[in-house]
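# Residue-level structure breakdown
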Amino acid sequence: GENVEQHPSTLSVQEGDSAVIKCTYSDSASNYFPWYKQELGKRPQLIIDIRSNVGEKKDQRIAVTLNKTAKHFSLHITETQPEDSAVYFCAASEGGFKTIFGAGTRLFVKA
Amino acid sequence: EAGVAQSPRYKIIEKRQSVAFWCNPISGHATLYWYQQILGQGPKLLIQFQNNGVVDDSQLPKDRFSAERLKGVDSTLKIQPAKLEDSAVYLCASSLGTGENEQFFGPGTRLTVL
């Protein structure tokens, strides 16, 4: 079946460093790629998303890149802060249908 | 604006028992989703409603799981009978439409099957 693979499963960085999380998807019909942040014991919340007609999108310290040919997309967090510590999920969908989530990346930002 | 509401927040049952979860989406949101999130994994879509119609239930174990969204607003998800492997957090989410819209998640119901 369709699949979204996410790496790494765990990422530890020093405060102020950058963090990169990578995802690959298998369904070539996927055209919408959101990223969610889930803090411990809380609900997932959208932090950024990208559509297939765009190669890169940036919002302050967060950026996402998409390579449709390779079916890769990545989340970049710059100048990390302790409050960035959480689990991050990538997802892929066909115009909002058949949303498939990755397994998640647990990010630790050490002060 | 009020968020997505779910109840109960926690439920403990024994295997082979039945359980039901309730979700009230954000007012005006046409699309409602039910996800299963097993500990340490990403959310897995079980069913997606557009108003009161099902648009995707391909990953719903229909022999034991059922869901409905009467009147296109509130929704219930039922498991009958429950198995040990159903232990998970059940998340409800809603969005404005079926397009590329942000999904807003509820707090989830943590189900433990003993």
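Residues numbered from 1 in each chain as written. Chains lettered and ligands numbered in written order. Predicted model: local features only at pLDDT ≥ 70, side-chain atom pairs only at ≥ 80, totals over all residues. Heavy atoms only, no water.

## Quick look at the overall build of chain B
Scanning chain B from N- to C-terminus turns up zero helices and 11 strands. Sequence-ordered secondary structure for chain B, helices as α and strands as β, is β-β-β-β-β-β-β-β-β-β-β. Relative to its length of 114 residues, chain B is compact, with a C-alpha radius of gyration of 13 Å against a globular reference of 13 Å. With respect to the three principal axes, the spread of C-alpha positions in chain B is 35 × 25 × 25 Å. Residue pairs in contact within chain B that sit at least 24 positions apart in sequence constitute 54% of those at least 6 positions apart. Summed over all atoms, the accessible surface of chain B reaches about 5500 Å², with 50% contributed by carbon and sulfur. (Helix = DSSP H or I, 4+ residues; strand = E, 2+ residues; numbered from the N terminus. Rg over C-alpha atoms; globule rule 2.2 N^0.38 Å. Contact = heavy atoms within 4.5 Å. Areas by Shrake-Rupley, 256 points an atom, 1.4 Å probe, with all protein chains shown as cover.)

## Focus on empty space enclosed by the protein
The final tally for this structure, using the stated rule, is two cavities of 30 Å³ or more. In this structure, the largest cavity occupies an estimated 50 Å³ of space. Together, E2, N3, V4, Y25, S26, D27, S30, A92, S93, E94, K98 and I100 of chain A line the largest cavity. Elements supplying a minimum of two residues to the lining of the largest cavity: β9 (86-94) and β10 (97-101) of chain A. Of the residues forming the lining of the largest cavity, the biggest block, three residues, is contributed by β9 of chain A. The residue inventory of the lining of the largest cavity, partitioned by class, reads four nonpolar, four polar and four charged. By volume, the second largest cavity amounts to about 40 Å³. The wall of the second largest cavity is formed by Y32, P34, Y36, S93, G96 and T99 of chain A together with G99, N101 and Q103 of chain B. If you tally residues by element for the lining of the second largest cavity, the top one is strand β4 (residues 32-38) of chain A, at three residues. (1 Å grid on protein atoms, 1.4 Å probe; cavity = no way out; pocket = protein on both sides within 12 Å on 5 of 7 lines; lining within 4 Å. Points joined across faces, edges and corners; volume = space filled by probe spheres on them. Nonpolar A, V, L, I, M, F, W, Y, C, P; charged D, E, K, R; others polar.)

## Some remarks on the state of the cysteines
Residues and elements named next belong to chain A. Counted by the stated rule, this structure contains two disulfides over all chains. Each sulfur of the disulfide joining C23 and C90 lies 2.0 Å from the other. Handedness of the C23-C90 disulfide follows from its S-S torsion of about -100 degrees: it is left-handed. You can see C23 sitting in strand β3 (residues 19-25) and its partner C90 sitting in strand β9, a full 67 residues away along the chain. On the accessibility criterion, C23 (1% relative accessible area) is buried. Judged by its relative accessible area of 0%, C90 falls in the buried class. (Disulfide = S-S within 2.5 Å. Buried < 20%, exposed > 50% of the residue type's maximum accessible area, 1.4 Å probe, protein only.)

## What to know about the pairing of strand β11 (residues 109-113) of chain B
Residue and element names in this part refer to chain B. Only one face of β11 is covered, namely the face carrying T109, L111 and V113; the face carrying R110 and T112 is uncovered. When strand β2 (residues 10-13) meets β11, the two strands line up parallel, connected through four bridges. Considered in β11, the bridge of Y10 is made with R110. As judged from the three bridges shared by strand β9 (residues 88-95) and β11, these two strands associate in the antiparallel manner. Considered in β11, the bridge of A88 is made with L111. (Pairing = 2+ DSSP bridges.)

## Brief notes about the environment of K15 of chain B
The residue K15 of chain B is located in the loop between β2 and β3 (19-24) in this model. Among all residues touching K15 of chain B, those that are not within four sequence positions of it are A82, L84, V113 and L114 of chain B.

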